[in-house]
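Examining the three-dimensional arrangement
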Amino acid sequence: MLTQLGIFLRKLRLDSGEIMKEMAAKLDVSSSFLSAVENGKKKMPDSWYRAIVNLYNLDKEKQDELMTAIEESQKSVEINLEDLS
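Keep in mind it's a predicted model, so treat the numbers as computed, not measured. (Residues numbered from 1 in each chain as written. Predicted model: local features only at pLDDT ≥ 70, side-chain atom pairs only at ≥ 80, totals over all residues. Heavy atoms only, no water.)

1. Re the side chain of Arg13
Tracing the chain through its elements places Arg13 in helix H1 (residues 4-15). Among the residues examined, Arg13 registers a relative accessible area of 7% and is labelled buried. Those residues within four positions of Arg13 in sequence are excluded, and the remaining contacts are Glu18, Ile19, Met20, Met23 and Glu38. (Helix = DSSP H or I, 4+ residues; strand = E, 2+ residues; numbered from the N terminus. Buried < 20%, exposed > 50% of the residue type's maximum accessible area, 1.4 Å probe, protein only. Contact = heavy atoms within 4.5 Å.)

2. A closer look at helix H5 (residues 60-73)
Over its 14 residues, H5 runs 20 Å from end to end, which matches the ideal 20 Å to within 8%, given 1.5 Å per residue. Next to the buried residues of H5 lie H1 and helix H4 (48-55). (Expected span 1.5 Å × (residues − 1).)

3. Quick notes on the side chain of Gln63
Among the secondary structure elements, Gln63 is positioned in helix H5. A polar contact of 2.9 Å, which involves the side chain of Gln63, links it to the backbone oxygen of Leu58. Apart from the residues within four sequence positions on either side, Gln63 is in contact with Tyr49, Val53 and Leu58. (Polar contact = N/O pair within 3.5 Å; in protein donor to acceptor, adjacent residues only side chain to side chain.)

4. Some details on the pattern of salt bridges
Counted according to the given criterion, the structure contains seven salt bridges. Notably, a salt bridge pairs Glu38 with Arg13, separated by 3.2 Å at the nearest N-O pair. Here Glu38, found in helix H3 (residues 31-38), pairs with Arg13, found in helix H1; they are 25 residues apart in sequence, far enough to count as distant. Notably, a salt bridge pairs Asp46 with Lys43, separated by 3.3 Å at the nearest N-O pair. Judged by its relative accessible area of 54%, Lys43 falls in the exposed class. Overlapping salt bridges bring together Arg10, Arg13 and Glu38 as one network. (Salt bridge = Lys/Arg side-chain N within 4 Å of Asp/Glu carboxyl O.)

Listed below in structure tokens is the structure:
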């Protein structure tokens, strides 16, 4: 499930003309980890906020949009019941 954060990151990446591998390299993670964050399967590392702001020179409006996306994405919880009887 694509989260608000995932939508923001994907749009930022595409607007910057980058593929996932390039953004992942900038954030010093694998493409699969970045994909998992975009899809809500992994939590975004706290250090990414400042890194994204600096790497992409986000203005105040975009910084606020990123923070809102982070907060919205943290409101959902996924529970894996696969191994439960």
